[in-house]
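Report on the structure
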Amino acid sequence: MKNNYTREDLKRIVENENVRYIRLQFTDILGTIKNVEVPVSQLDKALDGEMMFDGSSIEGFVRIEESDMYLKPDINTWSIFPWTAGKGKVARLICDIYTVEGEPFEGDPRSNLKRVLKEMEEMGYTSFNLGPEPEFFLFKLDENGHPTRELNDQGGYFDLAPTDLGENCRRDIVLELEDMGFEIEASHHEVAQGQHEIDFKYEDAISACDNIQTFKLIVKTVARKHNLHATFMPKPLYGINGSGMHFNVSLFRGEENAFYDENDSFGLSGEMRHFMGGLLKHARGFTAVCNPIVNSYKRLVPGYEAPSYIAWSGKNRSPLLRIPSSRKMSTRAEIRSVDPAANPYLALAVILKAGLDGIKNKIDLPEPVNVNLYEMTRDEREALGVNDLPSTLYTALKALSEDEVVQDALGPHIMRQFHSNKSVEWDMYRAQVSEWEVDQYLNQY
Ligand SMILES: Nc1ncnc2c1ncn2[C@@H]1O[C@H](COP(=O)(O)OP(=O)(O)OP(=O)(O)O)[C@@H](O)[C@H]1O
Ligand SMILES: N[C@@H](CCC(=O)O)C(=O)O
Ligand SMILES: [Mg+2]
Ligand SMILES: [Mg+2]
């Protein structure tokens, strides 16, 4: 979704399209999109990277004493929000964050991903590609406009109307996404009632993460217009599938997919096997980043097409990694644990770093597990050397503290802020008394 506009192009577009405001966007450590909105008269100043904001007001960024930060827009991310037609349109530019000293800010997830990508380039690769598969639920709003957990349809996987009442909403979402330059590959109802998936074409790491952030914004905005609430919460309802955001990834060297080898019996290169070996080795360490909220772990349980065990397969959907059957340019690894609560820039940084560590250290890829892991006993899994993914945010944070490669992928600033913020979240959660406990214990004890 990158364009190649010059400053002059933007000025012409502003004039022709009657753009009145520009949102300068960035993402904080927790994955939330932040905006500084400026009138279009400030376009030059913004493009010169001279717009300042107060970093101390952003969670996990900096202390009051060092709060001034600069927003440096990426001109290739210019886009007009299609729903702002009328009086005056609003456009956005996605920004990197710089310190007053003119250095990329180490707490900025987008700049941090660029740092890890440099390491990849030094190893001879030219791009890391990501095709994400974000899933979400559509729920009804109550009479006060607040979200409920009441589903608005009874549809199932690939069902068509009239059962799929969310279809009109999803179709509108796709149209708005296309207006913003997304190349939509597929859009369908997911396995659970009220659950949807829209897949867009893979792009290089930074553009793909920018796309995920834009995608979430558009899905939520359009759903509201249909009087629905779209949620990317990983497991909103007990007993049915949760929402994942599978990451399909590949490393390219120029026009060549470094994961593909036509001479290998599976069509997979040695680099890919080592990359996957690295992913498996660091899977426990990177889980806190890819599954960052308490609720993420309610999804990573057996039986709902989400992984709970560290293994790979070419066929089935119960392990952490799957190798979809397409080859040549589409040869890719699908990481099935990631969920849509993850900060995409951070999740991709830890995944890339884990894979590169596999290549650097020639980490061996174990044998695939082509049976349904959900149906195996712990002893059977242990006999195959299959470990568990962390089952709570607490165990995931502990595994993160023990994995230096994953910590390096975050850098010390993000690591410190992420870990302390998430530890507070866990402490708040563990003191709660849930309905399940009351139902189980109130009478019995
Ligand atoms: N070389 C590649 N590198 C990274 N991503 C790729 C590559 N080739 C294709 N993709 C992306 O992979 C994604 C494939 O999504 P698709 O829904 O087909 O996967 P799936 O795993 O079969 O679906 P599901 O898990 O929902 O059953 C798309 O975003 C596509 O653009
Ligand atoms: N919803 C499932 C994935 C279903 C699928 O394979 O598309 C998950 O939580 O990951
Ligand atoms: Mg899916
Ligand atoms: Mg998938």
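In this report, we go over the structure that sits alongside the text. It should be emphasised that the depicted structure is a prediction, and the values quoted were computed from it without experimental measurement.

Some points on helix H1 (residues 7-17)
Looking at H1, one finds that the buried residues are Asp9, Leu10, Ile13 and Val14. Angularly, the buried residues of H1 cover 135° about the axis, an arc narrow enough to put them on a single face. Facing away from the buried surface of H1 by more than 90 degrees, the exposed residues are Glu8, Glu15 and Asn16. Where the residues of H1 are buried, they touch strand E1 (19-27), helix H2 (43-47) and strand E5 (79-80). Within two residues after H1, Asn18 carries a phi angle of roughly 55°, on the positive side.

Brief notes about the packing of aromatic side chains
Inspection of every chain in the model, using the stated rule, returns 15 aromatic pairs. Ring centres of Phe128 and Phe275 lie 5.9 Å apart, and the angle between their planes is 45°; this geometry places the pair in the tilted category. Separated by 147 residues along the polypeptide, Phe128 in strand E7 (residues 127-141) and Phe275 in helix H6 (residues 270-290) bring together distant segments of the chain. Classification of Phe275 by relative accessible area gives buried; the value is 0%. One aromatic cluster in this structure is built from Phe136, Phe182, Phe200, Phe215 and Phe232. It is Lys72 that lies over the ring of Tyr98; its NZ or CZ is 5.0 Å from the centre. Between the NZ or CZ atom of Lys235 and the centre of the ring of Tyr304, over which it lies, the distance is 3.7 Å.

So, the site of ligand 1
Around ligand 1 lies a shell of 22 residues, among which Asp199, Ser250, Arg317, Arg322 and Glu334 are the nearest. For ligand 1, an oxygen atom lies 2.9 Å from a polar atom in the side chain of Glu185. Note that a nitrogen atom of ligand 1 is positioned 2.8 Å from one of the backbone N or O atoms of Met329. In isolation ligand 1 has 650 Å² of accessible area, and contact with the protein removes 86% of it. Among the detected pockets, ligand 1 sits in the second largest pocket. At the level of secondary structure, the elements contributing two or more residues to the shell around ligand 1 comprise E7, strand E10 (195-200) and strand E13 (245-253). Split by residue class, the shell around ligand 1 holds three nonpolar, eight polar and 11 charged.

Observations concerning the environment of Glu17
Its location among the elements puts Glu17 in helix H1. Setting aside residues no more than four positions away along its own chain, Glu17 makes contact with Ile80 and Lys89. Within the local environment of Glu17, its side chain forms a polar contact with the side chain of Lys89, the two groups lying 2.6 Å apart.

Some thoughts on the coordination of the magnesium ion (ligand 4)
Tetrahedral coordination by four donors puts the ideal angle at the metal at 109.5 degrees, and octahedral coordination by six puts it at 90 or 180 degrees. Bound to the magnesium ion (ligand 4) on the protein side are Glu133 (OE), Glu133 (OE), His246 (ND1) and Glu334 (OE), at distances that span 1.9 to 2.4 Å. Geometry at the magnesium ion (ligand 4) is irregular, judged from the six donor atoms that bind it and their angles of 55 to 161° at the metal. Counting residues between consecutive donors of the magnesium ion (ligand 4) along the chain gives the motif E-x112-H-x87-E. The magnesium ion (ligand 3) is placed at 5.0 Å from the magnesium ion (ligand 4). Here Glu133 is found in strand E7, whereas its partner Glu334 is found in strand E17 (residues 333-335), with 201 residues between them in sequence. With relative accessibility at 14%, the residue Glu133 sits in the buried group.

Here's the deal with the site of ligand 2
Residues in contact with ligand 2 amount to 13 residues; listed here are only the nearest, Glu135, Glu190, Gly242, Arg299 and Arg336. Here Arg336 contributes a side-chain N or O atom positioned 2.9 Å from an oxygen atom of ligand 2. For ligand 2, the cavity whose grid points lie within 2 Å of the majority of its atoms is the second largest pocket. Class assignment for the residues of the shell around ligand 2 results in two nonpolar, four polar and seven charged.

Quick notes on unusual backbone geometry
Positive phi outside glycine occurs at Asn227, with the angle close to 60°. Along the polypeptide, Asn227 turns up in the loop between helix H5 (205-225) and strand E12 (228-231). Of the residues examined, Asn227 reaches a relative accessible area of 55% and is grouped as exposed. The phi torsion at Lys362 lies on the positive side, around 45°, for a residue other than glycine.

What about the nonpolar core?
Counting 113 residues, the largest nonpolar core has Trp78, Phe128, Phe247 and Leu251 as the members making the most contacts within it. The leading source of residues in this core is helix H8 (residues 344-360), at 11 residues. In this view, Trp78 contacts Asn3, Tyr5, Leu10, Ile13, Val14, Val19, Ile22, Leu43, Ala91, Arg92 and Leu93; residues no more than four positions away in its chain are not counted. By size, the runner-up hydrophobic cluster in this structure holds six residues, among which are Tyr309, Val369, Leu373 and Val386.

Some remarks on the packing of helix H3 (residues 109-122) against helix H11 (residues 404-430)
At a minimum axis distance of 10 Å, the contact between H3 and H11 shows a crossing angle of 145°. Seen from above, H3 lies across H11 with right-handed handedness. Side by side, H3 and H11 meet where Pro109, Asn112, Arg115 and Val116 of the first sit next to Asp408, Ala409, Leu410, Gly411 and Ile414 of the second. Residues of the contact of H3 with H11, tallied by class, amount to five nonpolar, two polar and two charged.

Comments concerning the pattern of salt bridges
When their charged atoms lie close together, side chains carrying opposite charge are able to pair. Applying the stated criterion across every chain yields a total of 25 salt bridges. For the salt bridge of Arg273 with Asp264, the shortest nitrogen-to-oxygen distance reads 2.7 Å. Each member of the salt-bridge network shares a partner with another, and the members are Asp74, Asp96, Arg110, Lys114 and Asp210.

Looking at the packing of H8 against H11
The geometry of H8 relative to H11 is characterised by a closest axis approach of 6 Å and an angle of 140° between their N-to-C directions. Between H8 and H11, the interaxial angle falls into the category oblique. Taken together, the residues of H11 that come into contact with H8 (itself represented by Leu346, Ala349, Val350, Lys353 and Asp357) are Val405, Val406, Asp408, Ala409, Leu410 and Ile414. Partitioning the contact of H8 with H11 into residue classes produces eight nonpolar, no polar and three charged.

The rules behind these values
Residues numbered from 1 in each chain as written. Chains lettered and ligands numbered in written order. Predicted model: local features only at pLDDT ≥ 70, side-chain atom pairs only at ≥ 80, totals over all residues. Heavy atoms only, no water. Buried < 20%, exposed > 50% of the residue type's maximum accessible area, 1.4 Å probe, protein only. Helix = DSSP H or I, 4+ residues; strand = E, 2+ residues; numbered from the N terminus. Arc of directions from axis to C-beta. Contact = heavy atoms within 4.5 Å. Phe/Tyr/Trp six-rings, centres within 6.5 Å; stacked < 30°, edge-to-face > 60°. Lys NZ or Arg CZ within 6 Å of the ring centre and 35° of its normal. Near = heavy atom within 4 Å. Polar contact = N/O pair within 3.5 Å; in protein donor to acceptor, adjacent residues only side chain to side chain. Areas by Shrake-Rupley, 256 points an atom, 1.4 Å probe, with all protein chains shown as cover. 1 Å grid on protein atoms, 1.4 Å probe; cavity = no way out; pocket = protein on both sides within 12 Å on 5 of 7 lines; lining within 4 Å. Sits in = over half its atoms within 2 Å of the grid points. Nonpolar A, V, L, I, M, F, W, Y, C, P; charged D, E, K, R; others polar. Donors = N, O, S within 2.8 Å, 3.2 Å for Na, K, Ca; no water. Tetrahedral: all angles 85-135°; square planar, octahedral: opposite > 155°, others 65-115°. Core = buried A, V, L, I, M, F, W, Y, C linked by side-chain atoms within 4.5 Å. Axes fitted to C-alpha atoms, helices over the stretch in contact; angles between N-to-C directions. Left-handed = near helix turned anticlockwise from the far one by under 90°. Salt bridge = Lys/Arg side-chain N within 4 Å of Asp/Glu carboxyl O. Parallel < 35°, antiparallel > 145°, perpendicular 65-115°, else oblique.

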